[in-house]
Amino acid sequence: MKQSGDRVIARDRVIGRGTAFCELLGAALREIFDESAYHRFLQRTHDVPTKKSYRAFLREHEASDARKPRCC
């Protein structure tokens, strides 16, 4: 027979797993939509988020994409 303490622990595990899943999903979406890459660019260039810095990021990103060989 489960006691109320067991239910609290089980609920906390589910909430912890849900939180971890949401964090993982958020990180994956930031990678997919280049938000993480832009953040790394800002850290590397010691810049702040502005239109000018985003434009520089896009130019650099497009230049690196153009150099990658395409398959098929």
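Before reading on, note that the structure itself is shown above.
Keep in mind the model is a prediction, meaning the values are calculated, not measured.

Asker: What am I meant to see in the overall build of the protein chain here?
Answerer: Per the secondary structure count, the protein chain includes three helices and zero strands. The burial tally for the protein chain puts 11% of its 72 residues in the buried class. Of the roughly 6,500 Å² that the protein chain leaves accessible, carbon and sulfur atoms contribute 60%.

Asker: Please explain the packing of aromatic side chains as it appears in this structure.
Answerer: Each aromatic ring pair is characterised by the separation of its centres together with the angle its planes make. A full pass over the atoms with the stated rule returns four aromatic pairs. Three or more aromatic residues link up through ring pairs in this structure, and these residues are Tyr 38, Phe 41, Tyr 54 and Phe 57.

Asker: For this particular structure, what's the right way to read the pattern of salt bridges?
Answerer: Under the criterion given, the structure shown has two salt bridges. Its salt-bridge partner being Glu 31, residue Arg 40 comes within 3.0 Å of it at the nearest N-O pair. Across the pair Arg 44 and Glu 60 runs a salt bridge, and its minimum N-O distance is 2.5 Å. Residue Arg 44 is located in helix H2 (residues 35-45), and its partner Glu 60 is located in helix H3 (residues 51-67); the two are separated by 16 residues in the primary sequence.

Asker: I'm lost on the side chain of Ser 36 in this one. Help?
Answerer: Position of Ser 36 among the secondary structure elements: in helix H2. A relative accessible area of 15% places Ser 36 in the buried class.

What counts, and where the lines are drawn
Residues numbered from 1 in each chain as written. Predicted model: local features only at pLDDT ≥ 70, side-chain atom pairs only at ≥ 80, totals over all residues. Heavy atoms only, no water. Helix = DSSP H or I, 4+ residues; strand = E, 2+ residues; numbered from the N terminus. Buried < 20%, exposed > 50% of the residue type's maximum accessible area, 1.4 Å probe, protein only. Areas by Shrake-Rupley, 256 points an atom, 1.4 Å probe, with all protein chains shown as cover. Phe/Tyr/Trp six-rings, centres within 6.5 Å; stacked < 30°, edge-to-face > 60°. Salt bridge = Lys/Arg side-chain N within 4 Å of Asp/Glu carboxyl O.

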